[in-house]
Amino acid sequence: MRVTRYGVGVRKRIDEIHKLRSQKYLCPRCKKPAIKRLYSGVWKCKRCGLEIADNAYSMSIKAIN
Ligand SMILES: [Zn+2]
């Protein structure tokens, strides 16, 4: 049995997920880049408190960075 179960490809994908999760998004209500991932599939605007249900690791609305 091999010690490492996860190859380079999987690790690369996890890196991308981390990148997507740390991105900020423009809030569709207050137009400020304050949307942060609250938990899987739920995003919240830190400024106006708007909560959005979207994809688990990225948002379908436009990312700003
Ligand atoms: Zn907002």
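Residues numbered from 1 in each chain as written. Predicted model: local features only at pLDDT ≥ 70, side-chain atom pairs only at ≥ 80, totals over all residues.

## Some details on the overall build of the protein chain
This is how the line gets drawn: A run of H or I in DSSP counts as a helix once it spans at least four residues, and a run of E counts as a strand once it spans at least two, with each numbered from the N terminus. Any residue whose C-beta has 12 or fewer other C-beta atoms within 10 Å is treated as exposed, any with 20 or more as buried, and any in between as partly exposed, C-beta atoms being built from the backbone.
In terms of regular secondary structure, the protein chain is built from one helix and three strands. Ordering the α and β elements of the protein chain from the N terminus gives α-β-β-β. Expressed as a percentage of the 65 residues in the protein chain, the buried residues total 9%.

## With respect to unusual backbone geometry
Of note, the phi angle at lysine 31 is positive, near 60°, even though the residue is not glycine. Within the secondary structure layout, lysine 31 lies in the loop between α1 (8-22) and β1 (35-39). With 10 C-beta atoms packed within 10 Å, lysine 31 lands in the exposed category.

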